[in-house]
Amino acid sequence: EAVSYNGELSYEPDRGEGLWRRSVYTYWKRTSPPPGVQVLDGPTRETCVVRRPRTNTPLQALMLLNDEGFVEAARGLAATVLAHRDASRDQRIVELFRRATARPPDAKEVLALARLHDNQHRRFAAEPAAAAQLLAIGQSSLGRNLDPVEAATWTAVAQVVLNLDEVIMRR
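All of these numbers come straight from a predicted model, not from anything done at the bench. (Residues numbered from 1 in each chain as written. Predicted model: local features only at pLDDT ≥ 70, side-chain atom pairs only at ≥ 80, totals over all residues. Heavy atoms only, no water.)

Draft legend 1. Representation of the overall build of the chain. Within the chain, the regular secondary structure consists of 8 helices and 0 strands. Counted from the first residue to the last, the chain has its helices and strands arranged as α-α-α-α-α-α-α-α. The proportion of buried residues among the 171 residues of the chain is 32%. Relative to all contacts within the chain whose residues are 6 or more apart in sequence, the contacts with residues 24 or more apart total 59%. Summed over its atoms, the accessible surface of the chain is roughly 11400 Å², and 53% of this surface lies on carbon and sulfur atoms. (Helix = DSSP H or I, 4+ residues; strand = E, 2+ residues; numbered from the N terminus. Buried < 20%, exposed > 50% of the residue type's maximum accessible area, 1.4 Å probe, protein only. Contact = heavy atoms within 4.5 Å. Areas by Shrake-Rupley, 256 points an atom, 1.4 Å probe, with all protein chains shown as cover.)

Draft legend 2. Structural view of the nonpolar core. Within the largest apolar cluster, 26 residues are counted, with the highest numbers of intra-cluster contacts made by Ile93, Leu96, Leu113, Phe124, Ala152, Trp154 and Val157. Of all elements in the fold, only helix 3 (68-82), helix 4 (89-101), helix 5 (107-126), helix 6 (128-135) and helix 7 (148-162) reach the threshold of two or more residues within this core. It is helix 7 that provides the largest number of residues to this core, a total of 8 residues. Sequence-distant contacts of Trp154, that is, excluding residues within four places in its chain, are made with Ala78, Val81, Leu82, Arg89, Arg92, Ile93, Leu96 and His117. (Core = buried A, V, L, I, M, F, W, Y, C linked by side-chain atoms within 4.5 Å.)

Draft legend 3. Region of the structure containing the packing of helix 4 against helix 5. Their axes nearest at 10 Å, the elements helix 4 and helix 5 cross at an angle of 115 degrees. If you check the angle between helix 4 and helix 5, you find them roughly perpendicular. Crossing angle aside, the handedness with which helix 4 passes helix 5 is right-handed. Residue-level contacts link Arg89, Asp90, Ile93, Val94 and Phe97 of helix 4 to Glu109, Val110, Leu113, Ala114, His117 and Asp118 of helix 5. When grouped by side-chain class, the residues that make up the contact of helix 4 with helix 5 number 6 nonpolar, 1 polar and 4 charged. (Axes fitted to C-alpha atoms, helices over the stretch in contact; angles between N-to-C directions. Parallel < 35°, antiparallel > 145°, perpendicular 65-115°, else oblique. Left-handed = near helix turned anticlockwise from the far one by under 90°. Nonpolar A, V, L, I, M, F, W, Y, C, P; charged D, E, K, R; others polar.)

Draft legend 4. Seen up close, unusual backbone geometry. With phi around 65 degrees, Ala102 is a residue other than glycine that occupies positive phi space. Following the sequence through the fold, Ala102 ends up in the loop between helix 4 and helix 5.

Draft legend 5. Region of the structure containing the packing of helix 3 against helix 4. Two numbers describe how helix 3 lies on helix 4: the axes approach to 10 Å, and their chain directions differ by 135 degrees. With respect to their mutual orientation, helix 3 and helix 4 come out oblique. Crossing handedness for the pair helix 3 and helix 4: right-handed. Together, Leu77, Thr80, Val81 and Leu82 of helix 3 and Arg92, Leu96 and Arg99 of helix 4 make up the contact between the two elements. Classifying every residue of the contact of helix 3 with helix 4 gives 4 nonpolar, 1 polar and 2 charged.

Draft legend 6. Spotlight on the pattern of salt bridges. Taken as a whole and judged by the stated rule, the model has 7 salt bridges. We note a salt bridge from Arg99 to Glu95, for which the minimum N-O separation is 2.7 Å. In this pair, Arg99 and Glu95 both sit in helix 4, 4 residues apart, roughly one turn of the helix. Judged by relative accessible area, which is 45%, Arg99 ranks as partly exposed. By relative accessible area, which is 16% here, Glu95 ends up buried. (Salt bridge = Lys/Arg side-chain N within 4 Å of Asp/Glu carboxyl O.)

Draft legend 7. Inspection of the environment of Gln91 at higher detail. Here Gln91 is to be found in helix 4. The class for Gln91 is partly exposed, based on a relative accessible area of 48%.

Right, dumping it as structure tokens:
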């Protein structure tokens, strides 16, 4: 509102079923590009850009790990993986990784993610309030009906996978 032309334009996100209806759209103002686009070094649209520069900054990682939309996306991916009730931890890791990267993980990647899973599971089992706090982020109900420790553990694993360079950058 502060950068709108008359101070009256505002954006109100939809709720309930309509929450994701326009999730691919960005509310764009000529005088102020969306902060997420700026953090990810997106062009300002003042000039034509043939190719975007490849960058990687700590601020980008913080946004991808903490922005409400990205946390909800990770929780949704975690809920999808947890829907495979008979799957083992490693099978879930493979499925989660494949969904995010469009390729199966190698053995080292599975091992690293398995260690992360185990560490996060111990952490959230010891601190159930931290699990509840992570699951409370955002408006989506995805994953909130699951065991909080499991949902938070897999959300943390999904956040790491969704923050991989090959998931973020198009090659």
